[in-house]
Amino acid sequence: MSNPAQRANKLFVKTFGTLADALYAAPGRVNLIGEHTDYNDGFVLPAAINFHTIIAIKRREDNKFRAVSDAFPGEMKEWIFAEEGDTPESLEWVDYLKGFSAAMAVSGLAPKGLDLAIVSNVPLGAGLSSSAALEVAFGTAVNDASQIKLSPLAIAQLAQRGENQYVGCACGIMDQMISALGKQDHALLIDCLDLDSEAVSIPDNLSLIIINSNVKRGLVESEYNLRRQQCEQVAQHFHLDSLRHLELTTLDAAVNELSDVCYRRAKHVITENRRTQNAAWALESGNISQLSTLMAESHISMRDDFEITVPEIDFLVEIISKVIGEKGGVRMTGGGFGGCVVALVDHELTDAVVAAVENRYFEKTGIEAAIYLCSASDGAKRLDQ
Ligand code: ADP
Ligand code: MG
């Protein structure tokens, strides 16, 4: 089977009858720790992964875009750049691209049109952020083809704005930022308050394993929005812009003024911010037993205080943590209610982790898990042809 770049070139030629000018790639991502903290102006620690969305492009002289994707064979989509528009009634894949161009239009940017062929090996809807990979690959292509000179951070911000305002998903900035700014063999500690980021090296002896529970994700959007509201409610109670500025001692002192649910939601966010900063230090200094503890605590906080895990995910974490002990960390990653588990484990334990999942998960749940052995990758870029 040809590699994704070759497949993108092939799809381009097959669709448009001519060779592409250039190829762009943007990665999916996994969040090592810092869940539901991005929209609370907190800290996150994601890594870009070696699963990519690749776009082959050819510049056009007008402001029209035409796009095909191998994920939706036979569907050619067309739109004109100037069309801004509101959130579409029924969402289509091309709306992630239209969202980016709408965000550009609002910012007064006017690129030339492109013909695009998209190929991806980021699984769609699995929690590895195929949507950000698509938006950021597109943004990187548009930016470079029209020589607009946006920074990777500016591309990430436009991508987030497009997804918030056009696609209608109230996501934070993490997914787009890590897809744009990822660094090989590193995670990125992002301060979502000022969008400052710092690369944190992942020790050589650790494997990055992602296990997709393949649990059908229901209620994700409504539960996500509910969590956002609960966090905002607590911030408002203390007359703060966000939970970033709330100390645990202040929250604890006001425990009787809040509902039990709101108290626990805020407690998760405050403690998760601290764990995320500590995990970055633990990773940087190779203190794997501390990383192990912090990831375990993060999982418990997501399970008991933020209440976003499901039994299948808790089971995966339980069986993997029994295998790895203090020689690695494991926790749910992503928005919750299904999705994936991330494990950072000593290389010598990789096979044992895979075996434990294969032997026990299906037997207990009747669902096959998908296991991805990953490495931390660079962010979006133009590929040499
Ligand atoms: P996630 O970002 O976790 O993978 P989302 O629901 O946020 O899940 O985004 C998935 C959606 O993004 C898909 O249903 C599709 O509309 C769009 N998408 C992502 N990757 C591609 C692709 N390669 N081609 C076309 N559409 C894509
Ligand atoms: Mg997404």
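All values reported here derive from a predicted model rather than from experimental measurement. (Residues numbered from 1 in each chain as written. Chains lettered and ligands numbered in written order. Predicted model: local features only at pLDDT ≥ 70, side-chain atom pairs only at ≥ 80, totals over all residues. Heavy atoms only, no water.)

(A) Structural view of the overall build of the chain. Across its full length, the chain carries 11 helices and 13 strands. Judged by the C-alpha coordinates and their principal axes, the chain covers about 60 × 50 × 40 Å. Each of the 385 residues in the chain was classed as buried or not, and the buried ones make up 56%. Counting only contacts in the chain whose residues sit at least 6 apart along the sequence, the fraction spanning at least 24 positions is 73%. Computed over 33 positive and 52 negative side-chain charges, the inter-centroid distance for the chain is 5 Å. (Helix = DSSP H or I, 4+ residues; strand = E, 2+ residues; numbered from the N terminus. Buried < 20%, exposed > 50% of the residue type's maximum accessible area, 1.4 Å probe, protein only. Contact = heavy atoms within 4.5 Å. Lys, Arg positive; Asp, Glu negative; His and termini not counted. Charge placed at Lys NZ, Arg CZ, Asp CG, Glu CD.)

(B) Structural view of the pairing of strand E4 (residues 64-69). Bridge count between E4 and strand E5 (residues 77-80): four bridges; the pairing is antiparallel. Bridging from a neighbouring strand, lysine 64 pairs with isoleucine 80 of E5. Note: E4 against strand E6 (residues 114-120), five bridges, orientation parallel. Directly across from arginine 66, in E6, lies its bridge partner aspartate 115. (Pairing = 2+ DSSP bridges.)

(C) Representation of the domain arrangement of the chain within the structure. Its domain assignment divides the chain into domain 1 (4-201) and domain 2 (206-374). Taking only C-alpha atoms into account, the centre of domain 1 sits 26 Å from that of domain 2. Contacts between the two partners involve 34 residues from domain 1, matched on the other side by 43 residues from domain 2. At the boundary of domain 1 with domain 2, total buried surface from both sides reaches about 3000 Å², with 63% on carbon and sulfur atoms. Ranking the residues of domain 1 by area buried against domain 2 places Ile33, Glu35 and His36 at the top, with a combined share of 22%. If you look at where domain 1 meets domain 2, you find two salt bridges. For the salt bridge of arginine 331 with glutamate 35, the shortest nitrogen-to-oxygen distance reads 2.8 Å. For the pair domain 1 and domain 2, the number of links is 17 residue pairs in polar contact (both at pLDDT 80 or more). At the level of elements, strand E1 (22-31), strand E2 (43-44), strand E3 (46-59), strand E7 (186-191) and strand E8 (196-201) are the ones that each hand at least two residues to the side of domain 1 that touches domain 2. Its residues assigned to classes, the side of domain 1 that touches domain 2 comprises 19 nonpolar, 12 polar and three charged. (Domains from an automatic or database assignment. Buried area = accessible area lost by both parts, 1.4 Å probe. Salt bridge = Lys/Arg side-chain N within 4 Å of Asp/Glu carboxyl O. Polar contact = N/O pair within 3.5 Å; in protein donor to acceptor, adjacent residues only side chain to side chain. Nonpolar A, V, L, I, M, F, W, Y, C, P; charged D, E, K, R; others polar.)

(D) Region of interest: the side chain of serine 242. With respect to the secondary-structure elements, serine 242 resides in the loop between helix H6 (220-237) and helix H7 (248-253). Judged by relative accessible area, which is 5%, serine 242 ranks as buried. Among the polar contacts listed, one links the side chain of serine 242 to the side chain of aspartate 41, at a separation of 3.1 Å. Aside from chain neighbours lying at most four places away, what touches serine 242 is Asn40, Asp41 and Ala235.

(E) Expanded view of unusual backbone geometry. The phi torsion at glutamine 147 lies on the positive side, around 50°, for a residue other than glycine. Looking at the element boundaries, glutamine 147 is found in the loop between helix H3 (130-145) and helix H4 (152-167). Despite not being glycine, phenylalanine 337 has its phi angle at roughly 60°, a positive value. Residue placement: phenylalanine 337 occurs in the loop between strand E10 (328-333) and strand E11 (340-346). A relative accessible area of 13% means that phenylalanine 337 is categorised as buried.

(F) Examining the nonpolar core more closely. Ile57, Phe65, Trp79, Leu97, Leu114, Leu116 and Phe138 are the most contacted members of the largest nonpolar core, which has 43 residues in total. A per-element tally of this core places H3 first, with seven residues. Not counting the four nearest positions on each side in its chain, phenylalanine 138 is found in contact with Ile55, Phe65, Trp79, Leu97, Phe100, Ser101 and Leu116. Among the nonpolar cores identified, the runner-up in size contains 42 residues, and Tyr224, Val330, Phe337 and Val357 belong to it. (Core = buried A, V, L, I, M, F, W, Y, C linked by side-chain atoms within 4.5 Å.)

(G) Structural context of helix H10 (residues 311-324). Taking 1.5 Å of rise per residue, 14 residues should cover 20 Å, and H10 covers 20 Å from first to last C-alpha, within 8% of that figure. Considered for burial, the residues of H10 that qualify are Ile313, Phe315, Leu316, Val317, Ile319, Ile320 and Ile324. If you follow the buried residues of H10, they end up packed against strand E9 (206-212), helix H9 (288-305), E10, E11 and helix H11 (350-365). Glycine 325 sits one or two positions beyond H10 and adopts a positive phi of about 50°. (Expected span 1.5 Å × (residues − 1).)

(H) Representation of the sheet that holds E9. Reading across from one edge, E10-E11-E9-E12 is the order of the four strands in this open sheet, with antiparallel pairing throughout. In this open sheet, the two strands that pair with only one neighbour each are E10 and strand E12 (370-374). Averaged over all neighbouring strand pairs, the angle between strand axes comes to 20°, with direction disregarded. Bridge count for E9 against E11 is seven bridges, and the pairing is antiparallel. Across the sheet, the residue bridging to isoleucine 210 is valine 342, located in E11. H9 rests against E9, E10 and E11 of the sheet, and its axis sits at about 25° to E10. (Axes fitted to C-alpha atoms, helices over the stretch in contact; angles between N-to-C directions.)

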